[in-house]
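Descriptive structure summary
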Amino acid sequence: MNGGLVLRIDGSRPLSAASVEEIDGLCDRAEDDRGAGPVTVHVTGVPADDWARGLTVGLVSKWERAVRRFERLGRLTVAVASGDCAGTALDLLLAADLRIIDPGTRLLLASAGGGSWPGMTLYRLTQQAGSAGIRRAVLLGTPIDADRAFALNLVDEVSEDPAKTLAGLADVTDGAETAIRRQLIFEAGSTTFEEALGSHLAAADRALRREAKP
């Protein structure tokens, strides 16, 4: 796997301009390099209690846009998590296409201003697991352990050997098709059948044309 398409994120570090640059840089490399294999982030860590002190809404906005760019990348994305994960680590885990976690991993909401951080990770948790599944984590700060994260479909695999799964993805090459199908998944939860039909037919037509090529 191309080492340039692997990034390690330490969630204990406060959010900074450098954090944004790291993700944008990874996305730049992924868009320039159309080789085989997924774009992989290894995440771990929880920020200190005062992590949000001095943080501005402008920087938060830039970070959220960078994570969204990663989430919509024209390549398959994979997150591998270990230990306790919150802050930037959890943001990227929930934005990845495929999530693999160590059995000892716990997902937590970072705290700020007297409650859990109300960033887009809260939105992703609710969209992916439902309000009932994450209510205690959001309102009480209750950690989500590995088994519960798997049961809530927040992660795809709990494994002590993520390298085995990553090895099986080494030949994934067609990022454009991955991106199209990911977008169809995103839209399915917010559009009616009639509204979605055109997009699905267009994707089906594209697939048939590619299938017909010698």
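Here, the structure is the one placed above.
Below: a short report on this structure.

So, how was this worked out
- Residues numbered from 1 in each chain as written.
- Predicted model: local features only at pLDDT ≥ 70, side-chain atom pairs only at ≥ 80, totals over all residues.
- Heavy atoms only, no water.
- Phe/Tyr/Trp six-rings, centres within 6.5 Å; stacked < 30°, edge-to-face > 60°.
- Helix = DSSP H or I, 4+ residues; strand = E, 2+ residues; numbered from the N terminus.
- 1 Å grid on protein atoms, 1.4 Å probe; cavity = no way out; pocket = protein on both sides within 12 Å on 5 of 7 lines; lining within 4 Å.
- Points joined across faces, edges and corners; volume = space filled by probe spheres on them.
- Nonpolar A, V, L, I, M, F, W, Y, C, P; charged D, E, K, R; others polar.
- Buried < 20%, exposed > 50% of the residue type's maximum accessible area, 1.4 Å probe, protein only.
- Salt bridge = Lys/Arg side-chain N within 4 Å of Asp/Glu carboxyl O.
- Patch = residues over 30% accessible without salt bridge, like charges linked within 9 Å, V, L, I, M, F, W, Y side chains within 5 Å.
- Areas by Shrake-Rupley, 256 points an atom, 1.4 Å probe, with all protein chains shown as cover.
- Contact = heavy atoms within 4.5 Å.
- Pairing = 2+ DSSP bridges.
- Right-handed = clockwise from strand over helix to strand, strands pointing away.

So, the packing of aromatic side chains
- Under the definition given, this model contains one aromatic pair.
- Their ring planes at 80° and their centres at 5.1 Å tell us that Trp51 and Trp117 sit as a pair that is edge-to-face. Remark: Trp117 occurs in the loop between strand 7 (115-116) and helix 4 (120-129) and Trp51 occurs in the loop between strand 2 (39-45) and helix 2 (57-71); sequence separation between them is 66 residues.

Points about empty space enclosed by the protein
- Following the criterion strictly, the structure yields two cavities of 30 Å³ or more and no others.
- Of the pockets and cavities examined, the largest cavity occupies roughly 150 Å³.
- The set of elements that each furnish at least two residues to the lining of the largest cavity consists of helix 2 and helix 3 (88-95).
- Classifying every residue of the lining of the largest cavity gives 13 nonpolar, four polar and three charged.
- Quantified by volume, the second largest cavity comes out at close to 40 Å³.
- Lining the second largest cavity are Ile9, Asp10, Arg13, Ser19, Glu22, Ile23, Trp63 and Thr88.
- Going through the elements one at a time, strand 1 (6-10) and helix 1 (17-32) are the ones with two or more residues in the lining of the second largest cavity.

Topic: the layout of surface pockets
- Counted as a void, the largest pocket has a volume near 640 Å³.
- In terms of lining residues, the largest pocket is bounded by 22 residues, among which Arg68, Glu71, Gln127, Gln128 and Phe186 are the most central.
- Going through the elements one at a time, helix 2, helix 3, helix 4 and helix 8 (175-188) are the ones with two or more residues in the lining of the largest pocket.
- Examining the composition of the lining of the largest pocket, we find that five residues originate from one element, helix 4, more than from any other.

Digging into the environment of Ala212
- Inspection of the secondary structure puts Ala212 in helix 9 (residues 193-212).
- The exposure class assigned to Ala212 is exposed, which follows from its relative accessible area of 64%.
- Put simply, Ala212 and Asp28 are 184 residues apart on the chain and 32 Å apart in space, counted from C-alpha to C-alpha.

A few points about the pattern of salt bridges
- Under the defined criterion, the tally for this structure stands at seven salt bridges.
- Two residues, Arg13 and Glu22, come together in a salt bridge whose shortest N-O distance is 3.7 Å.
- The salt bridge involving Asp28 is made with Arg69; its shortest N-O contact spans 2.6 Å. Here the residue Asp28 occupies a position in helix 1, and Arg69 occupies one in helix 2, the gap between them amounting to 41 residues.
- On the accessibility criterion, Asp28 (37% relative accessible area) is partly exposed.

With respect to a nonpolar patch on the surface
- A cluster of nonpolar side chains, namely Phe193, Leu197 and Leu201, defines an oily patch on the protein surface of about 320 Å² accessible area.
- By the secondary structure assignment, Leu201 is in helix 9.

With respect to the side chain of Ser19
- With respect to the secondary-structure elements, Ser19 resides in helix 1.
- Residue Ser19 is classed as buried on the basis of its relative accessible area, which comes to 6%.
- In this structure Ser19 touches Arg13, Pro14 and Trp63, once residues within four positions along its chain are discounted.

Structural notes on the pairing of strand 4 (residues 98-101)
- Neither face of strand 4 is open: one carries Leu98 and Ile100, the other Arg99 and Ile101, and all of them are buried.
- Taken together, the four bridges between strand 3 (residues 77-85) and strand 4 define a ladder with parallel strand orientation. Bridged to Val80 within strand 4 is Ile100.
- For the crossover that starts at strand 3, traverses helix 3 and ends in the parallel strand 4, the hand is right-handed.

Keep in mind these numbers describe shape, not what the thing actually does.
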